Protein chains: 2
Amino acid sequence: MDGLYGELRTRTIDGIGGLVLVITQDFETGEGLMAAYANKEALKRTMETGYAHYYSTSRGEIWFKGETSGNKQLVKEVWADCDGDALLYRIEQEGRKAACHEGYKSCFYRKLRDGELKIAKKRIFDPNDVYL
Amino acid sequence: MDGLYGELRTRTIDGIGGLVLVITQDFETGEGLMAAYANKEALKRTMETGYAHYYSTSRGEIWFKGETSGNKQLVKEVWADCDGDALLYRIEQEGRKAACHEGYKSCFYRKLRDGELKIAKKRIFDPNDVYL
C-alpha cells in the first residue's frame, strides 16, 4: 500500500501537504458522487478495510466516510490518473445509498441553469434525522 | 458568470489561490475522464465558449483543453457540489475522443490490481503523432 501512495504525486491543499484527490463514482451507474482528498493514512485504511477513508481538510483529521451516518462506501475499483495526483474510486454506496451529507445520492446535486445553480436531484434522506 | 464563481468556495492548490476543482465525465457513458482546476478566468471562458478551459497549475496559465490536440470538450452540463469547491462537467469529447494527453479516452487508465497500478484501458492515439 505504501507502494501506491509512493507512486502518487501529492499536492498541498490550503496549506495541507501530502494529499491526493479522490473522486468517487457509483460502481453501477457511473454517477459522479463526490470529490475529497486522502493522505497516506486515509489511503492505507481504505486499502485495509475496503471502505473509503478520506482526509477532511476542514476538520484536519482522517474521515471514515459513513462512520456516523452508516453511508459507507465499499471500494470496488481504484484507478489513478496520468499524472498521479488523483484517484478515482468506483464504489458501492451502502446505508441510505446517499453519498452527500445533505441527503442526496451525489454531492453534485445542483445544476447550472440560466447562470444559476438549482437543485436538480431528489433528496433521499433528511440530514436532521441522521446527524445529531 | 461572475455569479457562479462568486457562489463557489475556492481553494489554494500548491500555493495557487482562487481555484475550484473540475472533474469531467463523458456525457453519454458517464466515464470519469479527468480532474483539473479552474480559476475565475478559465470558468468565464468556459461559459462564453461552451468549451472546457482549465488553469494549469504546472504551467501557471489558462489552458484551453484541446487547443493543441483538437481534443476539445464541449460542456453539456455543469454541476456544483455541496460545499461549492468542486464542479462536475458532463462533456462531449471532440477530436480523437480522448481526454488524456497520453492517448487514452480517460486520464484514469491505470487500475489498481494486486497492489500495483496497471494499464487497463486501450490507447486511442499515439501522443507522438499529436504533440510535437
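Throughout, a residue's number is its position along its own chain's written sequence, starting from 1. The order in which chains are written sets their letters, starting at A; the order in which ligands are written sets their numbers, starting at 1. Totals for whole chains, interfaces and linings use all residues, but because this is a predicted model, local features are given only for residues with pLDDT of at least 70 and pairs of side-chain atoms are given and counted only at 80 or more.

A. View of the pairing of strand β9 (residues 116–119) of chain B. Residue and element names in this part refer to chain B. The sheet contact formed by strand β8 (residues 110–113) and β9 spans four bridges and is antiparallel. When the bridges of β9 are listed, Lys 111 appears paired with Lys 118. The rule for pairing is simple: two strands pair if DSSP sees at least two bridges between them. The helix and strand labels rest on DSSP assignments: H or I over at least four residues marks a helix, E over at least two residues marks a strand, and numbering proceeds from the N terminus. A loop of two residues connects β8 with β9, the two strands running antiparallel in sequence, and Asp 114 in this loop sits at a positive phi of about 50°.

B. View of the environment of Tyr 51 of chain A. Residue and element names in this part refer to chain A. Assignment of secondary structure puts Tyr 51 in the loop between α2 (40–49) and β4 (53–56). The exposure class assigned to Tyr 51 is partly exposed, which follows from the 17 C-beta atoms found within 10 Å. Remark: the alpha-carbon pair of Tyr 51 and Gln 73, spanning 22 residues in sequence, is separated by 5.4 Å. Not counting chain neighbours up to four residues away, the residues in contact with Tyr 51 comprise Thr 46, Lys 72, Gln 73, Leu 74 and Val 75. To sort residues by exposure, count the other C-beta atoms lying within 10 Å of each residue's C-beta; 20 or more gives buried, 12 or fewer gives exposed, and values between give partly exposed, all with C-beta atoms placed from the backbone. The contact rule is simple: place each C-beta atom from the backbone, and if two of them lie within 7 Å, those residues are in contact.

C. A look at α2 of chain A. Residue and element names in this part refer to chain A. Of the positions making up α2, those classed as buried are Ala 42, Leu 43 and Thr 46. What you see down the axis of α2 is that its buried residues fit within an arc of 100°, all on one side. Once α2 ends, the next one or two residues include Gly 50, with phi positive near 85°. For this quantity, the arc is that covered by the directions from the helix axis to the C-beta atoms.

D. Structural detail: the interface of chain A and chain B. Listed per partner, the contact involves 36 residues of chain A and 36 residues of chain B. Those elements that place two or more of their residues in the side of chain A that touches chain B are α1 (2–7), β1 (11–13), β2 (16–26), β3 (32–38), β6 (73–80), β7 (86–93), β8 (110–113) and β9 (116–119) of chain A. Counting residues per element, the side of chain A that touches chain B draws most heavily on β6 of chain A, at four residues. Grouping the amino acids of the side of chain A that touches chain B by side-chain chemistry returns 18 nonpolar, eight polar and ten charged. Relative to strand β6 (residues 73–80) of chain B, β8 of chain A runs antiparallel, the two being bridged by two bridges. Under this grouping Gly is polar, as are all residues other than the nonpolar Ala, Val, Leu, Ile, Met, Phe, Trp, Tyr, Cys and Pro and the charged Asp, Glu, Lys and Arg.

It is worth stressing that arrangement in space is one thing and function is another; only the former is reported here.
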